[in-house]
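Structural characterization, general
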Amino acid sequence: MRLNDDFTKPVVVHAAKLDWVASPARGVDRRMLYRVGEEVARATSIVRYAAGSVFPSHTHTGGEEILVLDGIFEDEHGRFPAGSYFRNPPGTSHAPASVDGCIIFVKLWQFREGDDAQILRRPGEGEPFVSEDTGSATILFDDGHERVYLQRWGSNASINLSNPRGLEMLVLEGELSVGTERLRSQSWMRLPQGDGLVANAGPEGAYAWIKNAPLQHADVLKLPS
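Residues numbered from 1 in each chain as written. Predicted model: local features only at pLDDT ≥ 70, side-chain atom pairs only at ≥ 80, totals over all residues. Heavy atoms only, no water.

**A short note on the nonpolar core**
Stated formally: Only buried residues count toward a nonpolar core, which is a set of Ala, Val, Leu, Ile, Met, Phe, Trp, Tyr and Cys residues joined through side-chain atoms within 4.5 Å. A 1.4 Å probe rolled over the protein chains alone gives each residue an accessible area, and that area as a share of the maximum for its type sets the label: buried under 20%, exposed over 50%, partly exposed in between. Only DSSP runs of H or I with at least four residues qualify as helices, and only runs of E with at least two residues qualify as strands; both kinds are numbered from the N terminus onward. Whether two residues touch is decided by their heavy atoms; if any such pair falls within 4.5 Å, the residues are in contact.
By size, the foremost hydrophobic cluster in this structure holds 22 residues, and its most contacted members are Trp153, Ile159, Met169, Leu176, Leu197 and Ile210. Within the residue set of this core, elements represented by two or more residues are strand S16 (136-142), strand S17 (147-153), strand S18 (158-161), strand S19 (167-178), strand S21 (187-191) and strand S22 (197-212). The biggest single contributor to this core is S22, with 6 residues. Ignoring anything within four residues of it in the chain, the contact list for isoleucine 210 reads Arg147, Val148, Tyr149, Gln151, Trp153, Leu161, Leu167, Glu168 and Met169. Core analysis: the second largest hydrophobic core is formed by 21 residues, Val11, Tyr34, Leu150 and Leu172 among them.

**Here's the deal with the packing of aromatic side chains**
The condition is simple: Paired rings are identified among Phe, Tyr and Trp, the last through its six-membered ring, by centres lying within 6.5 Å, and are further divided according to the angle between planes into stacked (under 30 degrees), edge-to-face (over 60) and tilted (the rest).
Per the stated rule, a full pass over the model turns up 6 aromatic pairs. A centroid spacing of 5.9 Å and a plane angle of 65° characterise the contact between phenylalanine 73 and phenylalanine 86, whose relative ring orientation is edge-to-face. Placement of the pair is phenylalanine 73 in strand S8 (residues 64-75) and phenylalanine 86 in strand S10 (residues 85-88), with a sequence separation of 13 residues. Grouping residues by exposure puts phenylalanine 73 and phenylalanine 86 together as buried. Consider the rings of phenylalanine 129 and tyrosine 149, whose centres lie 5.3 Å apart with planes at 90°: the pair is edge-to-face.

**So, unusual backbone geometry**
Of note, the phi angle at asparagine 4 is positive, near 55°, even though the residue is not glycine. Within the element layout of this structure, asparagine 4 appears in the loop between strand S1 (2-3) and strand S2 (11-14). Even without glycine at this site, tryptophan 109 takes up a positive phi of about 55°. Looking at tryptophan 109, the relative accessible area reads 10%, which means it is buried.

Shown next, in the form of structure tokens:
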């Protein structure tokens, strides 16, 4: 499968309008945003766990990045409510589940060679910083190769973000107008290097997860053949 794999073109996906597609694990469904491969794939998805569902224990051979969007995500290490952020580098493993159900944003097989930092940020954790526009932001991860952060803009804010490496964004709350597109909760945007983000927040403002990084690292881990 190849989905939205041309990194030279801007992409917008309004994931909340997509149908849920069943995964091999009972009760675990997904909305695919980007994918190269079959069940083992370089992928970005929104994944829904039904109440009581369990995904088999697995090792993150290519790394896994997660943001909990709704409900409580669980594994043998604990319970993690909405707003929790993980980076599980290659070689780590777990058995994810959800007693009451949850929705998560997941990126697989997108770690670069040598990226072995394991990160857990609980809701509200992270390093505040002043972004280049007028919004407030919290850094979740920054290793010099990529910066991952949460950004909040106020009512009707004008937004102008430069994009020297590549930019990926998932709207979590509120609304952003980007050209003719209106991005709301679960709207995902990816912009190629050099295409800055010019947008306006809606009357209730907007809140987003943002990754400033190459859309694919030159030394990204290789998928198994």
